[in-house]
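# Structural description and commentary
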Amino acid sequence: MISSGKMVKPSIWAGLLIILLLLPLFVKSPYLIHIINLTFIYILVTVSFRAILTSGQLPLAHAGFMGIGAYVSAIAAKWLGLTPWLSIPLGALVAMGVGILIGYPFARLRAVYYAMISLFFGMLIVSAVKAFARWTGGAAGLTAIPPLLGFSKVPYYYFFLGLTTVALLILYRLESSRPGLNWKAIAQSHMVAASVGINEARYRIIASAIGCLFAGIAGATYAHYNTVIGTSSFSFMATIMLLIYVVVGGVGNFAGPIVGVFLLMTVPELLRGLREYVPYISAAIVLLVVYLMPKGVTGLVKSLISWLAELWKKRRANNAS
Amino acid sequence: MELAVGIFANVLILSSMYILVALGFALLFSIAGILHVSHGAIYTVSGYICWQLAQTVGINQWLALLLTVLIVGSFGLFLERFCFRPFTGDFDRSLVVGIGIILILQTTIVVTVGQESRSMSAFVAGILHSGPISVSLERLVTFAIGAAMLGILVWFINNTKPGLQMRAMSQDLQGAIMQGININRTSAIAVVIACASAAVAGCLMGAYINLSPFMGDVVLGKALILVILGGIGSMSGIFYAGLILGALDATLPVFFSGSVAEVIAMGAIIIVLLFRPTGFLGRAIA
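Please read these numbers as outputs of a predicted model, since none were measured by experiment.

## Overview of the overall build of chain B
A tally of regular secondary structure across chain B gives 11 helices and 2 strands. Here the C-alpha radius of gyration of chain B, 19 Å, is about what a compact globule of 286 residues would show, namely 19 Å. Projected onto its principal axes, the C-alpha positions of chain B cover 60 × 50 × 35 Å. Of all 286 residues assigned to chain B, the portion counted as buried reaches 52%. Within chain B, contacts between residues at least 6 apart in sequence are counted, and of these 74% link residues at least 24 apart. Surface exposure of chain B reaches about 12000 Å², of which carbon and sulfur atoms provide 67%. For chain B, the centre of its 11 positive side-chain charges and the centre of its 10 negative side-chain charges are spaced 12 Å apart.

See the structure below:
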């Protein structure tokens, strides 16, 4: 399976990419394209969330960092007249900077204490946004943000497709490179990691810097795509939803967050016709996965594939003898 | 002077509300190690059940409160058996189950009653005048019930057999099992108590502020702050944390506008936790 199937995974991804590139030719509904664009943004946020998660930190301020990127970029573009092409990198860099700045003191804390202090930091971000209502629009939200590529949905589709693909490639490479392996070591046991010479604090800060950078990019592009932002997209509950996407998709797998976002954001959004009953669908998916698939959807698929491969091998051995 | 007395009264009342709301949540977090995210939703649903019983069925509101506590308490039994027990020690998955419960409860409220907020009649009407200050009786009743419930719970945990078993469980689960403690029964008791106290809080607060399907989200945030600030594993820590948070939330808005006060309060909490991650009275857990 492993030796002969080495090209299977890349070719699946390449096929998917080609389908996605051609998709706007067949999908004419701007609403559907809009949903797919949102899916791309949330895939980016959720995958970066999981990147921090692999370093053993539960970043419950993650949606807040998305908010930092969104608000910094929106304010720079709207009030200071910066072009979105410059304000988006600015927003992302500010989000990363804040991530690094809080990374230093927060690296003192581990496990549930880290989770809780980052949760409170996320709440702090939201109340800070509300406090500076003059620039941020406060609880009512910030409107009339300059759009990045006009008001048609299709150019954004290609923009987000490119952005998400590049970001996913970077994060995927990172996971199997030195920093990614160090993160996993720290997550398993920070004592053992330190004893083999891994600088725990440093790699944890690197993890949150990278995660926050991508969250900032996603937030900033979201602001200039949606042109309206409000605090509820960046609240504590929004972060919890990111965690749910990851767990439902499967924590142990890079594709986990992608599957999770698709199942819990795209599918309920497509079923919008059911109106207020839609959360029941999400709840059903969540409970089904949690009870029946301990390792998430991708975990189940993975064990299914290896089970089939085993079966196939046995059959060939039987035929040969 | 008048301002000081007014602030003091506000501090006590806010604190007692926070404590009332956070009690059950703290019990589950400390004793059973369950991050009970659906606590806020259960609190909300209790308010609605009580309102429905009093308004639609037309029974006395205090009786409705009692019935609500019974209904929600037995829902706690179901919750423990089917939602918490299968995921013991699995933080992520128990959190996800909690979110599933929140989604179901909130959606049920939206579908049956609607999104707009509802007002429930007060449990006790009237205002108490005493010199320069006047406090509504309802606030006083909330304060008294909150204080009494905290007292009873602390007494329960320190003096009764199930309470001591809970403490043993929170200290060393393996050791507790070896001493013959039925951990399933003990955590069922904890969950029922948590749900019942959420029900009391939901009914009282529902009458105090208006009922709305998403009012539990704020409560969840406050409860989390209280538990962490008080220290995981310490019930009396809740009391001090409640007082401090109540004091911050009652005094800061006098000097700053609402959101700025919130920023300062959150900043103060973060700084405290940086220097004392285990909270005021907590002990380190792995």
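## Observations regarding the interface of chain A and chain B
The interface is formed by 38 residues belonging to chain A together with 44 residues belonging to chain B. A combined buried area of about 3500 Å² lies between chain A and chain B, and 82% of that area is made up of carbon and sulfur atoms. Its largest share of buried area at the contact with chain B, chain A owes to Tyr113, Phe120 and Tyr280 of chain A, together 19% of the area lost on that side. Here chain A is connected to chain B by 0 salt bridges. Across the contact surface, chain A and chain B share 4 residue pairs in polar contact (both at pLDDT 80 or more). Mapped by element, the contributors of at least two residues to the side of chain A that touches chain B are helix 4 (84-106), helix 5 (111-131), helix 11 (236-249) and helix 13 (278-292) of chain A. At 13 residues, the largest contribution of residues to the side of chain A that touches chain B is made by helix 5 of chain A.

## Details of the packing of aromatic side chains
The tally for this structure, following the rule as stated, stands at 20 aromatic pairs over all chains. Between the aromatic rings of tyrosine 172 of chain A and phenylalanine 254 of chain A, the centroid separation amounts to 5.0 Å while the plane-to-plane angle is 70 degrees, which identifies the pairing as edge-to-face. Placement of tyrosine 172 of chain A in helix 7 (residues 153-175) and of phenylalanine 254 of chain A in the loop between helix 11 and helix 12 (256-270) is noted, with a sequence separation of 82 residues between them. The exposure class assigned to tyrosine 172 of chain A is partly exposed, which follows from its relative accessible area of 45%. Each member of the aromatic cluster is reached from another via a ring pair, and the members are Trp85, Tyr156, Phe159, Phe160 and Tyr225 of chain A. Note that arginine 81 of chain B overlies the ring of phenylalanine 82 of chain B, its terminal NZ or CZ placed 5.5 Å from the centroid.

## With respect to the nonpolar core
Ranked by internal contacts, the top residues of the largest apolar core, which has 184 residues, are Ile41, Phe120, Phe121 and Ile229 of chain A together with Phe29 of chain B. Per-element accounting of this core gives the leading share, 17 residues, to helix 1 (residues 2-32) of chain B. Those residues within four positions of phenylalanine 29 of chain B in sequence are excluded, and the remaining contacts are Val112 and Met116 of chain A together with Ile34, Leu35, Val227, Ile228 and Ile232 of chain B.

## Focus: helix 1 (residues 8-26) of chain A
Along its 19 residues, helix 1 of chain A runs 26 Å from first to last C-alpha, staying within 8% of the 27 Å computed at 1.5 Å per residue. By the largest-angle criterion, leucine 20 of chain A marks the main kink of helix 1 of chain A, which is about 25 degrees, and a proline, proline 24 of chain A, follows within four residues.

## Points about helix 11 (residues 258-275) of chain B
Every α-helix carries 3.6 residues per turn, so stepping three or four residues along brings you back to the same face. With 18 residues, helix 11 of chain B extends 26 Å between its outermost C-alpha atoms, agreeing within 8% with the 26 Å of an ideal straight helix rising 1.5 Å per residue. Among the residues of helix 11 of chain B, those classed as buried are Ser259, Ala261, Ala265, Met266, Gly267, Ile269, Ile270, Leu273 and Leu274 of chain B. Considering only its buried residues, helix 11 of chain B is in contact with helix 4 and helix 5 of chain A together with helix 9 (216-230) and helix 10 (235-255) of chain B.

## Re the confidence of the model for chain B
Per-residue confidence for chain B averages 83 on the pLDDT scale, and 97% of its residues sit at or above 70. As a predicted assembly, this complex carries a pTM of 0.86 together with an ipTM value of 0.82.

## A few points about the side chain of serine 55 of chain A
All names here are of chain A. For serine 55, the location among the structural elements is in the loop between helix 2 (30-53) and helix 3 (62-78). Under the relative-accessibility criterion, serine 55 is labelled buried at 1%. A polar contact of 2.7 Å, which involves the side chain of serine 55, links it to the backbone oxygen of isoleucine 52. Beyond its immediate stretch of four places on either side in the chain, serine 55 contacts Trp183, Ile186, Ala187, Arg204 and Ala207.

## Observations regarding a nonpolar patch on the surface
All names here are of chain A. On the surface, Leu17, Ile18, Leu21, Leu22, Leu25, Phe26, Val154 and Tyr158 cluster together into a nonpolar patch covering about 750 Å² of accessible area. Of all the secondary-structure elements, those providing two or more residues to the nonpolar patch are helix 1 and helix 7. Counting residues per element, the nonpolar patch draws most heavily on helix 1, which supplies 6 residues. Within the secondary structure, leucine 21 is located in helix 1. What makes leucine 21 partly exposed here is its relative accessible area of 40%.

## So, the packing of helix 3 of chain A against helix 10 (residues 200-226) of chain A
All names here are of chain A. In contact at an axis separation of 7 Å, helix 3 and helix 10 are set at 50 degrees when each is read in the N-to-C sense. Considering their axes alone, helix 3 and helix 10 lie oblique with respect to each other. Where helix 3 crosses over helix 10, the two elements pack in a sense that is right-handed. Residues His62, Phe65, Met66, Gly69, Ala70, Ser73, Ala74 and Ala77 of helix 3 form the contact with helix 10, whose participating residues are Gly211, Cys212, Ala215, Gly216, Gly219, Ala220, Tyr222, Ala223 and His224.

## A closer look at the packing of helix 3 of chain A against helix 4 of chain A
All names here are of chain A. Interhelical geometry of helix 3 versus helix 4 gives an angle of 140 degrees and a closest axis separation of 8 Å. The orientation of helix 3 relative to helix 4 falls into the category oblique. Crossing of helix 3 over helix 4 shows right-handed handedness. Together, Phe65, Ile68, Gly69, Val72, Ser73, Ala76 and Ala77 of helix 3 and Ser87, Ile88, Leu90, Gly91, Val94, Ala95, Val98, Gly99 and Ile102 of helix 4 make up the contact between the two elements. Of the residues in the contact of helix 3 with helix 4, the class split is 11 nonpolar, 5 polar and no charged.

Rules used throughout
- Residues numbered from 1 in each chain as written.
- Chains lettered and ligands numbered in written order.
- Predicted model: local features only at pLDDT ≥ 70, side-chain atom pairs only at ≥ 80, totals over all residues.
- Heavy atoms only, no water.
- Helix = DSSP H or I, 4+ residues; strand = E, 2+ residues; numbered from the N terminus.
- Rg over C-alpha atoms; globule rule 2.2 N^0.38 Å.
- Buried < 20%, exposed > 50% of the residue type's maximum accessible area, 1.4 Å probe, protein only.
- Contact = heavy atoms within 4.5 Å.
- Areas by Shrake-Rupley, 256 points an atom, 1.4 Å probe, with all protein chains shown as cover.
- Lys, Arg positive; Asp, Glu negative; His and termini not counted.
- Charge placed at Lys NZ, Arg CZ, Asp CG, Glu CD.
- Buried area = accessible area lost by both parts, 1.4 Å probe.
- Salt bridge = Lys/Arg side-chain N within 4 Å of Asp/Glu carboxyl O.
- Polar contact = N/O pair within 3.5 Å; in protein donor to acceptor, adjacent residues only side chain to side chain.
- Phe/Tyr/Trp six-rings, centres within 6.5 Å; stacked < 30°, edge-to-face > 60°.
- Lys NZ or Arg CZ within 6 Å of the ring centre and 35° of its normal.
- Core = buried A, V, L, I, M, F, W, Y, C linked by side-chain atoms within 4.5 Å.
- Expected span 1.5 Å × (residues − 1).
- Bend = angle between axes of the 7 residues up to and from the residue.
- pLDDT = per-residue confidence, 0-100.
- Patch = residues over 30% accessible without salt bridge, like charges linked within 9 Å, V, L, I, M, F, W, Y side chains within 5 Å.
- Axes fitted to C-alpha atoms, helices over the stretch in contact; angles between N-to-C directions.
- Parallel < 35°, antiparallel > 145°, perpendicular 65-115°, else oblique.
- Left-handed = near helix turned anticlockwise from the far one by under 90°.
- Nonpolar A, V, L, I, M, F, W, Y, C, P; charged D, E, K, R; others polar.

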